[in-house]
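Chains, contacts and geometry: an overview
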Amino acid sequence: DLSKPVGALTDDRLAQVIERYEQMEAEADMPRFHYGSHYSSAGAVLFWLLRLEPYTSYSIELQSGRFDHADRLFHSLGQTYHSCTHSSSDVKELIPELFCLPDVLLNRNGLSLGTRQDGQAVDDVRLPPWASDAVDFVAKHRAALECDHVSERLHQWVDLIFGAKQQGQAAQEAHNVFFYLTYEGAVSLDTLGPQQREAVEAQILFFGQTPTQLLSRPHPRRRRREASGPQPQMFSRPDAVRPYAWPLRRLAGGGSGRPEAADPLEFIAVLPLEDRLLTISASGRLCLHKWFPLKPRSSPSCPFTFDPATAPIATLRAGASADDDARFRPARSYAVADGRWLLSGGHADCSVRCMLVLKPEVVVLGRHHADTVTAIHVTADGLSFATGSADTTAVLWALYGAGSSLPGGRASVVAAGAAAGGGGGTGGSSGGAGGTGGRMACPTPLRVLSGHRGPLQCLCLSTELGLLLTGAAPARGAPPAASPDAGREEAASVTLGPHECVAVWAVPNGRFVRSLPVHERAVAVAVAHASQRLLVATQRSVHVFSVSGRPLAVVSPDRGVGRIVPTIDGELALLSEGSALAVRRISDLQLLHRYDLEAGGAASGAPLRAFSLSAENHHAFAGTADGGLTIYANPVVGIQVLERLASELLNL
């Protein structure tokens, strides 16, 4: 019952709480309270996180150099639940890790936690009978937290912890009054003497603290899931998804109308703010096609509107040298940042290039690698990105950095016509970006991460989880190359084994966290934010790991994997497997459906060159080997989205 504090969940204990409260005499310097312990304290947090460092060391320090008695340690979820609902001195709340981190339940460090009086050794936490293991428990626990029953009542818990029922008369009526020192501003520490202040601070630290009261009025009830929950997704019914093929073959010159050789797509991305679909072909043709995902089209009949471009807005053709129109080189690594900038790698001058999509003559160069950029990944907000290079390093960048913070002019603006053959002038300011309609990109390197022994092949930057996942080839026999500007930014350096091909890094400080047990060349990596899973594809297998590096599943597809894109709910992943798109469940990598592009005109057995998934997961795009584009959509989902939008407009 989320309308009650933990101490009032059972009738018997609530009766005891009320009786003690009524018998307590109110004093001027110590008001009455319902509970002599608190739901959130250092001791409670250490109780839950005992098996993980650094909390293991903190727990030992709290107990004067040893673990607490085994009977008081976190041993069983069932026994802990019984204690929290029946003991008069135990009212602690759950912590977020119990909804997302199975490792809190496992004694992976082999700690000697002692033996209880009943003879049971304290090791891994004992789980309820409905959970097969720690991963299964956390998955079901989180599903329970996010179910409709909890969502529709969560506002009641918010009122108790952060809102109107935290203090005052409403708190008394809700039986939610704690010891006065736990409340913010209950005592002025500056008015106390040294000894008294030390005692009060120690009591606040170890007894617990009530959060700052954020709301003085009752929190509104959350709208039902059908009105406020996740948008419908096309793969909720994979068998209902339909392919819509569009030939994008270019025509030969001279007006003959004769098709040229196939020009397969290398990159596909949706620009939602511009209602455009961006494609880049193997020959470097950059096209912007009209794209209206919620506007059905009658001829040909499809649940969206797609109008192919008649001509490219730019041709990213290769120059004779790094300085000969170097910004217009075909590159195998692309990304779109902030919906406006096309980032590209693979250039001879080892730069990452930011081109304003709607104004291709505006290009900003960022240089920090000692070899070609081989991989780029942009965060969801489009403001940060990471690059991997053949020099074995990864670099974290800010898209809009201050020009003054770039010593040596490592970012410069190129202003030259897209059709021009020669290179444009460079400069250290953004003066050539007039009329761009937004901020000028100034890619600023923040951190250099080194440690791989082979060239980087892929990476994935997750600001949601604060980590960077990098994949590389095995060692090629040479030591890692140093960045030309090494030392100017904070660098994180570690030396991985010659066959340690996948690494996890902490984004806030750039520290190496761990390597994953993958010992062959990684061809694709991805992070499923919602389910907190790490996905890695090699030439022969696909792996799933927890964020703590625990292997969860592995599968060996019968076709090579080229790219992985998780869905926004973290439940499914879309993979390019040979000439097909495969939908797999992330938890066990079971194949749910496969869409073969050969039916859409792809050459038999030809590998899929490019594919993309729209941000809202309503459409998937795949480039076929013959240069065409296949768009996958679920017509039912389109209708559901339109109905939902209409409902929201009516409720305004």
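See the structure above.
**Section: helix 4 (residues 77-86)**
Residues Leu-77, Thr-80, Cys-84 and Thr-85 constitute the buried set of helix 4. Taken down its axis, helix 4 places every buried residue within 125° of arc, on the same side. Packing partners of the buried residues in helix 4 comprise helix 1 (11-23), helix 2 (42-48) and helix 5 (134-145). Backbone nitrogen of Gly-78 and a side-chain oxygen of the N-cap are separated by 3.3 Å at the start of helix 4; the cap is Ser-76.

**Here we look at the side chain of Ser-462**
Inspection of the secondary structure puts Ser-462 in strand 17 (residues 456-462). Among the polar contacts listed, one links the side chain of Ser-462 to the backbone nitrogen of Leu-465, at a separation of 3.1 Å. In this structure the side chain of Ser-462 is engaged in a polar contact, spanning 2.9 Å, whose partner is the side chain of His-529. Those residues in contact with Ser-462 that lie beyond four places of it in its chain are Leu-467, Val-507, Val-527 and His-529.

**Comments concerning the nonpolar core**
Leu-105, Leu-469, Val-502, Leu-516, Leu-534 and Val-536 are the most contacted members of the largest nonpolar core, which has 33 residues in total. Of all the secondary-structure elements, those providing two or more residues to this core are helix 2, helix 5, strand 17, strand 18 (467-472), strand 20 (502-506), strand 22 (522-528) and strand 23 (533-538). Aside from chain neighbours lying at most four places away, what touches Leu-516 is Leu-469, Val-502, Val-504, Leu-534, Val-536, Phe-545 and Gly-549. Formed by 23 residues, the second largest nonpolar core is a distinct cluster that contains Phe-33, Cys-84, Ile-161 and Phe-207.

**Structural notes on the pairing of strand 21 (residues 512-516)**
In this structure, strand 20 lies alongside strand 21, joined through 4 bridges in antiparallel fashion. Bridge assignment links Trp-505 to a residue of strand 21, and that residue is Phe-512. Turn length for the strand 20-strand 21 hairpin, with the two strands adjacent in sequence and antiparallel, is 5 residues, and the turn residue Gly-510 shows positive phi of about 75°.

**Concerning the packing of aromatic side chains**
What the rule picks out here adds up to 19 aromatic pairs. Taken together through their ring pairs, the aromatic side chains of Phe-33, Phe-179, Tyr-180 and Phe-207 make up a single cluster. Of note, Arg-32 hangs over the ring of Tyr-21, and the distance from its end group to the ring centre comes to 4.4 Å. The cationic tip of Lys-295 hangs over the ring face of Phe-292; the distance from NZ or CZ to the ring centre is 5.6 Å.

**Some remarks on the layout of surface pockets**
A water-sized probe rolled over the atoms picks out the places where empty space is left. Put simply, the second largest pocket is a space of about 1,300 Å³. Lining of the second largest pocket is provided by 39 residues; of these, Leu-2, Glu-93, Leu-94, Phe-99 and His-141 occupy positions nearest its centre. When contributions to the lining of the second largest pocket are tallied by element, the ones reaching two or more residues are helix 2, helix 4, helix 5, helix 6 (148-151) and helix 7 (154-161). Here the residues of the lining of the second largest pocket sort into 27 nonpolar, 6 polar and 6 charged.

**With respect to unusual backbone geometry**
A cis amide bond links Glu-53 with the next residue in sequence, Pro-54, at an omega value of 5°. The backbone of Ser-64 sits at a positive phi, close to 60°, despite the residue not being glycine. Classification of Ser-64 by relative accessible area gives exposed; the value is 71%. Unlike most non-glycine residues, Cys-350 shows phi in positive territory, near 65°. Its location among the elements puts Cys-350 in the loop between strand 8 (341-344) and strand 9 (351-356).

About the cut-offs
- Residues numbered from 1 in each chain as written.
- Predicted model: local features only at pLDDT ≥ 70, side-chain atom pairs only at ≥ 80, totals over all residues.
- Heavy atoms only, no water.
- Buried < 20%, exposed > 50% of the residue type's maximum accessible area, 1.4 Å probe, protein only.
- Helix = DSSP H or I, 4+ residues; strand = E, 2+ residues; numbered from the N terminus.
- Arc of directions from axis to C-beta.
- Contact = heavy atoms within 4.5 Å.
- Polar contact = N/O pair within 3.5 Å; in protein donor to acceptor, adjacent residues only side chain to side chain.
- Core = buried A, V, L, I, M, F, W, Y, C linked by side-chain atoms within 4.5 Å.
- Pairing = 2+ DSSP bridges.
- Phe/Tyr/Trp six-rings, centres within 6.5 Å; stacked < 30°, edge-to-face > 60°.
- Lys NZ or Arg CZ within 6 Å of the ring centre and 35° of its normal.
- 1 Å grid on protein atoms, 1.4 Å probe; cavity = no way out; pocket = protein on both sides within 12 Å on 5 of 7 lines; lining within 4 Å.
- Points joined across faces, edges and corners; volume = space filled by probe spheres on them.
- Nonpolar A, V, L, I, M, F, W, Y, C, P; charged D, E, K, R; others polar.

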